[in-house]
Amino acid sequence: MKQPYLAIIRSKAKSISLDIRKMYLKALGLQIGDRARLGRIICEWPKQVEIGEECLIQDEVLFQVADPFAPGPSITIGHRAFIGRRCEFNCSSRITVGNDCMIASYTILVDAGHGTIKGYTMTSQPVLTGEINIGDDVWIGAGCVILKGVSIGRGSVIGAGSVVNKSIPEYQIWAGTPARFIRDRT
């Protein structure tokens, strides 16, 4: 009989802890909409992140910003978005996620890459950036990689494990490595 009580106490303690962490991140500049729920996210520069209303961001989601002193939020998550456990947002320029999107666990978004100029070491190559824009009502399956300069159109679906290296039109289903067109949504 004591087990259910311990589970309830643990659940309440976790909820209070997350609420305190949310208030702390807001005090540091995180912009977060009403009724949004945050797990234990990792965010060194909260003022560069904006999370819309009624979002659910699960545990261990990383919001990494390369230029913390740039004006305005660099990572913007729309309203009613779901971001699964251990997703990574690696931002050097800008990453935007629309409203009503679902991004499954272990997905990585990277808006930068390195040059490959012969005669320069890899560590001295120029950094190449390109914004990532994900439209409204997009579903991205588990373990995807979304690369720099990609736009994913409204209502599109990306299959689990895909590597998206080019833009995708609205209402299409893409999958694979690299991602390729499968069919239109019906």
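Residues numbered from 1 in each chain as written. Predicted model: local features only at pLDDT ≥ 70, side-chain atom pairs only at ≥ 80, totals over all residues. Heavy atoms only, no water.

Caption draft 1: Expanded view of the overall build of the chain. A tally of helices and strands in the chain yields 1 helix and 22 strands. Counting only C-alpha atoms and orienting by the principal axes, one finds that the chain spans roughly 65 × 45 × 30 Å. Across the chain, the fraction of contacts at a sequence separation of at least 24, relative to all contacts at a separation of at least 6, is 27%. Summing over all exposed atoms, the chain offers an accessible surface of approximately 10400 Å²; the carbon and sulfur share of this is 57%. For the chain, the separation between the mean place of its 22 positive charges and that of its 17 negative charges on side chains is 7 Å. (Helix = DSSP H or I, 4+ residues; strand = E, 2+ residues; numbered from the N terminus. Contact = heavy atoms within 4.5 Å. Areas by Shrake-Rupley, 256 points an atom, 1.4 Å probe, with all protein chains shown as cover. Lys, Arg positive; Asp, Glu negative; His and termini not counted. Charge placed at Lys NZ, Arg CZ, Asp CG, Glu CD.)

Caption draft 2: Examining the state of the cysteines more closely. Evaluation of the coordinates by the stated rule reveals 0 disulfides. Not part of a disulfide, C91 finds its nearest cysteine sulfur in C43, a span of 11 Å. The class of C91 is buried, set by a relative accessible area of 3%. (Disulfide = S-S within 2.5 Å. Buried < 20%, exposed > 50% of the residue type's maximum accessible area, 1.4 Å probe, protein only.)

Caption draft 3: Structural view of the nonpolar core. Counting residues in hydrophobic clusters, the biggest one holds 39 residues, and the most contacted among them are I51, F63, F89 and I134. Within the residue set of this core, elements represented by two or more residues are β4 (49-51), β6 (62-65), β7 (75-77), β9 (88-91), β10 (95-97) and β15 (132-134). Apart from the residues lying within four places of it in its own chain, the contact partners of I51 are L30, Q31, I32, G33, A36, L38, I57 and I77. (Core = buried A, V, L, I, M, F, W, Y, C linked by side-chain atoms within 4.5 Å.)

Caption draft 4: Quick look at the pattern of salt bridges. Under the counting rule described, the total for this entry stands at 8 salt bridges. A salt bridge links R154 to D136; the shortest N-O distance between them is 3.2 Å. With R154 in the loop between β18 (151-152) and β19 (157-158) and D136 in the loop between β15 and β16 (139-140), this residue pair connects regions lying 18 residues apart in the sequence. For R154, a relative accessible area of 38% puts it in the partly exposed group. (Salt bridge = Lys/Arg side-chain N within 4 Å of Asp/Glu carboxyl O.)

Caption draft 5: Quick look at the pairing of strand β21 (residues 172-175). Both β19 and β21 contribute to a ladder of 2 bridges, which runs parallel. Paired with I158 across the two strands is W174, which belongs to β21. The antiparallel pairing of β21 with strand β22 (residues 180-184) creates a hairpin that spans 4 residues between the two strands, and G176 there sits at a positive phi of about 115°. (Pairing = 2+ DSSP bridges.)

Caption draft 6: Here's a closer look at unusual backbone geometry. At the junction of T177 and P178, the peptide bond is cis and its omega measures out at -5° in the coordinates. Within the fold, P178 resides in the loop between β21 and β22. Here Y106, not a glycine, exhibits a phi torsion of approximately 65°, which is positive. Topologically, Y106 is positioned in the loop between β11 (102-103) and β12 (108-110).

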